[in-house]
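# Structural features, examined
The lines below spell out each chain.
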Amino acid sequence: MYEIYMKRAIELSKKGIGTVNPNPLVGAVIVKNGRILGEGYHKRYGDAHAEINAFYNAKEDVKGGTMYVTLEPCSHYGKTPPCVNAIIKKGIKKVVIGMKDPNPLVSGRGIQILKEHGIEVIFGVLEEEIKKLNEIFIHYITTHSPFCILKTAMTLDGKIATIQGDSKWISNEQSRKFVHKIRNQVSAIMVGIGTVLADNPSLTTRLENKQGKDPLRIIVDSSARIPLEAKVLHLSSKAKTLIATTQKANPEKIKVLEDMGVEVMITPLKNNQVDLKFLMDYLGKRGVDSVLIEGGATLNFSALEERIVNKVFTFISPKMIGGEMAKAPIGGRGKEFIKDAFFLQNRSIRFFEEDLMIEGYMRKEE
């Protein structure tokens, strides 16, 4: 019985995708005498939480009803007042919770307060599904570092472009639509300067009916080689472009970029490149909860080697182009021994017409 209404709360929470970062996706349903009286979800960062919206949308008096909410109601003052206060005031008699608040500073406090006021609390309903949906939030709130997704697309023989550099298109239209949905979910998209020089991408989100938001665009460019005419520097977009560079960059070039409205940050040198861990720490502190890495082979290897990647999406097209000099999705200096290979766990497979997509998570260091 609990699962039916919790599934509805989960579906409501998904409406907040792309607008609530770095907050979690949360949905709430109020039920009384077998009828749904009110529904709500967290619409955007800084706005009312799901529980408050459910109360606002209630058609009748909710006193004595049961609230289903995907995440433990907040018990502290943040952008909005504590939701537990409203639940108590409205006379809700039972609260069914999907998952506890993963924030170690507040986890369990909302449940405790509700119980202290005589409200029955049940938690853990469809917990794994809700954790999956909120994996970005869980990682960010517990580590204060962005959840990084590495996306690659290659042919069946492991190539990302022909020997002439032609890569449009390896993956099909359905696969590319899925990637734009992911862009809408994350806070930032990151590529290396090699990708900018080769493809001159816009790095925007293109969904049907012009929906979705553009993520922060991050260009990893240790020497600030980016051409001043590059598309990412001349977009009509609310999202900014950030150039992550190093002391190797020409100060005059940096000033020109900043005068163009581009944000430039200088990281320490690591292996003569941008220090990616330093960059992730910087992004986490400024509220960037997630990064989609769509870089070239060099950046992809560096991201894996620096252990900043949490999740991988790999698209495989049933095409073969050959070529000893044609690039693979992971470059760099590579691993010397198979035992040191990067390994994906918790894998799943999905098809987008003829394309196959492998989704997996990086095995944690022991």
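Residue positions are given per chain, counted from 1 along the sequence in the order it is written. At least 70 in pLDDT is required for a residue's local features to be given in this predicted model, at least 80 for side-chain atom pairs to be given and counted, and no such filter applies to totals for whole chains, interfaces and linings, which use all residues. Think of the side-chain values as coming from all heavy atoms in the structure, minus any hydrogens and water.

In space, the five strands of this open sheet follow the order 2-1-3-4-5, with mixed pairing throughout. Edge positions in the sheet fall to strand 2 (35-41) and strand 5 (120-123), since each of these pairs with one other strand and no more. Adjacent strand axes in the sheet meet at a mean angle of 15°, parallel and antiparallel pairs treated alike. Pairing between two strands is assigned when DSSP locates at least 2 bridges connecting them. Going along the chain from the N terminus, every DSSP run of H or I of four or more residues is numbered as a helix, and every run of E of two or more is numbered as a strand. Bridge analysis of strand 3 (residues 66-71) against strand 4 (residues 94-99) gives five bridges, and the strand direction is parallel. Across the sheet, tyrosine 68 pairs through a bridge with valine 96, a residue of strand 4. The strands touched by helix 1 (residues 2-13) within the sheet are strand 1 (27-32), strand 2, strand 3, strand 4 and strand 5, with strand 1 carrying the most contacts at an inclination of about 145°. On the sheet, helix 4 (residues 109-116) packs against strand 4 and strand 5 and is oriented at approximately 150° with respect to strand 5. The angle between two axes is taken between their N-to-C directions and runs from 0 to 180 degrees, where each axis is a line fitted to C-alpha atoms and a helix contributes only its stretch in contact. Should any heavy atoms of two residues lie within 4.5 Å, those residues are considered in contact.

The subject of this paragraph is the pairing of strand 14 (residues 311-317). Note on classification: 1.4 Å probe, protein chains only; a residue is buried when its accessible area is under 20% of the maximum for its type, exposed when over 50%, partly exposed between these limits. With seven of seven residues buried, strand 14 is to be regarded as a mostly interior element. Bridge count for strand 6 (residues 147-155) against strand 14 is seven bridges, and the pairing is parallel. Directly across from isoleucine 149, in strand 14, lies its bridge partner lysine 311. In this sheet, strand 16 (residues 355-362) lies alongside strand 14 in antiparallel orientation, the contact comprising six bridges. Bridge pairing in strand 16 places lysine 311 opposite tyrosine 361.

Counting buried residues in strand 1 gives five out of six residues, a clear majority hidden from the surface. Across six bridges, the pairing between strand 1 and strand 2 is antiparallel. Bridge assignment links alanine 28 to a residue of strand 2, and that residue is glycine 40. A loop of two residues connects strand 1 with strand 2, the two strands running antiparallel in sequence, and asparagine 33 in this loop sits at a positive phi of about 55°. As defined by bridge partners, strand 1 adjoins strand 3 across four bridges and the pair is classed as antiparallel. By the bridge assignment for strand 3, alanine 28 is matched with valine 69.

Turning next to unusual backbone geometry. Cis geometry marks the peptide bond from asparagine 21 to proline 22, where omega comes out at 5°. By the element assignment, proline 22 lies in the loop between helix 1 and strand 1. Here the amide bond leading from lysine 168 into tryptophan 169 is cis, since omega sits at -5°, within 30 degrees of zero. With respect to the secondary-structure elements, tryptophan 169 resides in the loop between strand 6 and helix 7 (173-185). The residue asparagine 272 is not glycine, and still its phi comes out positive at about 65°.

Burial in helix 10 (residues 276-285) covers these residues: Leu276, Leu279, Met280, Leu283 and Gly284. The arc that holds the buried residues of helix 10, viewed along the axis, is 135°, so those residues lie on one side. Immediately beyond the C-terminal end of helix 10, within one or two residues, lies glycine 287, with a positive phi of roughly 90°. In this context, the arc is that of the directions from the helix axis out to the C-beta atoms.

This brings us to the packing of aromatic side chains. Two aromatic rings are characterised by how far apart their centres lie and by the angle between their planes. Note on ring pairs: Phe, Tyr and Trp rings are taken, using the six-membered ring of Trp, and paired if centres are within 6.5 Å. Classes follow the plane angle, with under 30 degrees stacked, over 60 edge-to-face and the rest tilted. Considering all chains together, one arrives at seven aromatic pairs under this definition. A ring pair is formed by tyrosine 5 and tyrosine 68, whose centres lie 5.1 Å apart and whose planes are at 45°; its orientation type is tilted. You can see tyrosine 5 sitting in helix 1 and its partner tyrosine 68 sitting in strand 3, a full 63 residues away along the chain. Each of the two residues, tyrosine 5 as well as tyrosine 68, counts as buried. Summarising the aromatic geometry, the rings of phenylalanine 178 and phenylalanine 352 are spaced 5.0 Å apart at their centres and angled 45° between planes, so their arrangement reads as tilted. Of this pair, phenylalanine 178 sits in helix 7 while phenylalanine 352 sits in strand 15 (residues 344-352), placing them 174 residues apart in sequence. On the accessibility criterion, phenylalanine 352 (8% relative accessible area) is buried. Grouping aromatic residues by their ring pairs yields a cluster made of Phe178, Phe313, Phe315 and Phe352. The cationic tip of lysine 168 hangs over the ring face of tryptophan 169; the distance from NZ or CZ to the ring centre is 5.4 Å. In our convention, an over-ring charge means Lys NZ or Arg CZ found within 6 Å of a ring centre and within 35 degrees of that ring's normal.

Attention shifts here to the UniProt feature "binding site: substrate" (unreviewed entry) in the protein chain. UniProt positions are given in the numbering used here, feature names are shortened, and annotations may be inferred rather than shown by experiment. As recorded in UniProt, the sites labelled "binding site: substrate" (unreviewed entry) are Ser167, Arg183, Leu203, Arg206 and Glu294. Take arginine 183: it is sitting in helix 7. Apart from residues no more than four positions distant in its own chain, arginine 183 is found in contact with Ile189, Leu203, Thr204, Thr205, Arg206, Lys213, Pro215, Leu292 and Glu294. Locating arginine 206 in the fold gives a position in the loop between helix 8 (193-199) and strand 8 (216-220). Setting aside residues up to four positions removed in sequence, arginine 206 forms contacts with His180 and Arg183.

Glancing now at the nonpolar core. The definition of a nonpolar core used throughout is a set of buried Ala, Val, Leu, Ile, Met, Phe, Trp, Tyr and Cys residues joined through side-chain atoms within 4.5 Å. In this structure, Met6, Phe55, Met67, Ile87, Ile92 and Val95 are the most contacted members of the largest nonpolar core, which totals 35 residues. Sort the elements by how many residues they give to this core and helix 1 lands first, with five residues. When neighbours within four sequence positions are excluded, methionine 67 is seen to be in contact with Val29, Ile30, Glu51, Ala54, Phe55, Ile87, Ile92, Lys94, Val95 and Val96.

What we call a disulfide is simply a covalent bond connecting the sulfur atoms of a pair of cysteines. Here, a disulfide means two cysteine sulfur atoms that sit within 2.5 Å of each other. The final tally for this structure, using the stated rule, is zero disulfides. In this structure cysteine 74 is a free cysteine whose sulfur lies 3.7 Å from that of cysteine 83, the closest cysteine sulfur available.

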